[in-house]
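Each chain, written out:
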Amino acid sequence: MIKVTKKHLKNGLTVIMVPDRRRKFTYAEIMIKNGGATRNVLVADKNYLIKPGTFHLLEHNIIENSKKGNMDAYFSKNYVYSNGTTGSFETSFYIDVVKDFYKYFEELIYMVNNPLFNENLVKIKKPIYEEINRKNDIHNYKYYELINKCVYSNDYLNTLGSKEDLENITNEDLKFVHDVFFQPNNQVIMINGNFSKKKVLEIINNLYSNRIIKYKVLDPKEKTKVIKKSANLIENKNRELFTIVFKIPTKKISKIDKIKLNYYLNIFLNYNFDDESKNFHEVVAKNYSYTSFEKSIDRLLKNIVTLKITMQTTYFKEIKEMILKTFKELKLAKEYFELRKKDILVDYICQENDAKYLFNTYLDRYLNFNYNKQLDEEFINNLNYEECLDLLREIDFSNYSVITQNKM
């Protein structure tokens, strides 16, 4: 079985490696453990406010203004796939390489950690202005925005900022954010595929410094309760929608139980809201809707889980009552649970020697649960029907928000 190796270096840098010499490709990613939601930081006893959109603009500046010119163009010319992303709580840069991995890995490290800050910033901002213009054209964008305002007390999803924010961001702002947050002890390097662990660690140790700038993020803590119990959007261009979001604090739950709960919630949601479920059969029989339930589990925050269920319908009251009744009764057939558990086990066995699968699942647990161990067949075999119901019964499903969209 392929093993995941996690190293924590003296300078604070975390390295996660999943080698598989059978693969042709090698994937490497540098992740900074802060993103667009970071807005307030204390450095050397001084408070700094970070303008919305700064991390996203810095990502573009690193890619478009490197020592090789445009990073993506440089890598593409050499048959290397690359990109960068800015999330709410992380900023990432990655490459996918077939040939000369170590050379391009060194280039990636250098570009991410040694960007240029110059007059090119004006040009770099132009496509981001267009991104800001286009976001309002996204289907149901206002509805999704309303959902987030009803559920979260802080603005986590606005990584672009406004046009005014973007206009006021300077090279000095970008350099400050880079100096504070791109230091080694705030980075995670993740590699999977065809490579030597010894060679990779040698490159990293040669290229990374030991610099440390102490800082403290002062952003307000997320509230455990939903912000609004209900809200409605009048939107004549789009279909009628119903969404209910359950906000579940998990701070008091152990790391391993959080991982189990993730499996248990998925099984419960599928049993009660898949197209073969009793609920969906009732929806169709009573003509409430002819579209499926859309369901998701969101772990935007480490200690809060949100369950979201959406349906295209005009029967808001009836669908709400159906969903709330389901979460009150917590029905789950044992036969169904055992069948899904077997599916999970088969999926794991089929992919336990797949470096990419192990890499992605390990990262999910590391980033979302701060869990550093590799799961195995024993963990899956120990998933338990009675434990599933016990954990579900401990959750307060009265903490929810209902958001609807209808026409005038």
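Bear in mind that the values here come from a model prediction, so they are computed numbers and not experimental data. (Residues numbered from 1 in each chain as written. Predicted model: local features only at pLDDT ≥ 70, side-chain atom pairs only at ≥ 80, totals over all residues. Heavy atoms only, no water.)

### A few points about the sheet that holds strand β14 (residues 400–406)
If you trace the 5 strands from one edge of the open sheet to the other, you get β10-β14-β11-β13-β12, paired in mixed fashion. The sheet is open, and its two edges are formed by β10 (230–234) and β12 (294–301), each paired on a single side. Averaged over neighbouring strand pairs, the angle between their axes works out to 20° when direction is ignored. (Pairing = 2+ DSSP bridges. Helix = DSSP H or I, 4+ residues; strand = E, 2+ residues; numbered from the N terminus. Axes fitted to C-alpha atoms, helices over the stretch in contact; angles between N-to-C directions.)

### A closer look at the pattern of salt bridges
Summed over the entire model, instances satisfying the criterion amount to 15 salt bridges. Between Lys 225 and Asp 396 there is a salt bridge, and its shortest N-O distance comes to 3.8 Å. Of the two residues, Lys 225 sits in the loop between β9 (215–217) and β10 while Asp 396 sits in the loop between α15 (385–393) and β14, which places them 171 residues apart along the sequence. Note on Asp 396: relative accessible area 39%, which makes it partly exposed. Linked through salt bridges whose partners overlap, the residues forming this network are Lys 67, Lys 68 and Glu 107. (Salt bridge = Lys/Arg side-chain N within 4 Å of Asp/Glu carboxyl O. Buried < 20%, exposed > 50% of the residue type's maximum accessible area, 1.4 Å probe, protein only.)

### Quick word on the layout of surface pockets
Put simply, the largest pocket is a space of about 1,500 Å³. Taken together, 40 residues line the largest pocket, and the ones lying closest to its centre are Phe 89, Leu 300, Leu 301, Lys 302 and Asn 303. Listing elements by their share of the lining of the largest pocket, those giving two or more residues are β9, β11 (241–249), β12 and α13 (355–369). Considering only residue class, the lining of the largest pocket consists of 16 nonpolar, 10 polar and 14 charged. Empty space within the second largest pocket amounts to approximately 620 Å³. (1 Å grid on protein atoms, 1.4 Å probe; cavity = no way out; pocket = protein on both sides within 12 Å on 5 of 7 lines; lining within 4 Å. Points joined across faces, edges and corners; volume = space filled by probe spheres on them. Nonpolar A, V, L, I, M, F, W, Y, C, P; charged D, E, K, R; others polar.)

### Regarding the packing of aromatic side chains
Within the structure shown, the criterion is met by 30 aromatic pairs. Here the aromatic rings of Tyr 27 and Phe 359 are separated by 5.9 Å at their centres, their planes lie at 70°, and the arrangement is edge-to-face. Of this pair, Tyr 27 sits in strand β3 (residues 26–32) while Phe 359 sits in helix α13, and the two are 332 residues apart along the sequence. Between Phe 93 and Phe 182 the ring centres are 6.4 Å apart and the planes differ by 55°, which places this aromatic pair in the tilted class. With Phe 93 in strand β7 (residues 91–97) and Phe 182 in the loop between α7 (171–181) and β8 (187–193), the pair connects residues that are 89 residues apart, well separated along the chain. Grouping aromatic residues by their ring pairs yields a cluster made of Phe 246, Phe 268, Phe 273, Phe 280, Phe 293, Phe 327, Phe 397 and Tyr 400. (Phe/Tyr/Trp six-rings, centres within 6.5 Å; stacked < 30°, edge-to-face > 60°.)

### Side note on the pairing of β10
Burial of the side chains of β10 is restricted to one face: Ala 231 and Leu 233 are buried, whereas none of Ser 230, Asn 232 and Ile 234 on the reverse face is. Two elements, β10 and β14, share 5 bridges in a ladder whose sense is parallel. For Asn 232, the partnering residue across the bridge sits in β14 and is Thr 404.

### Some remarks on helix α12 (residues 334–351)
Its 18 residues give α12 an end-to-end C-alpha distance of 26 Å, which sits within 8% of 26 Å, the value for a rise of 1.5 Å per residue. By the burial criterion, the buried members of α12 are Tyr 336, Phe 337, Lys 341, Ile 344, Leu 345 and Tyr 348. Of the surrounding secondary structure, the elements contacted by the buried residues of α12 are α9 (255–273), α13, α14 (377–381) and α15. (Expected span 1.5 Å × (residues − 1). Contact = heavy atoms within 4.5 Å.)

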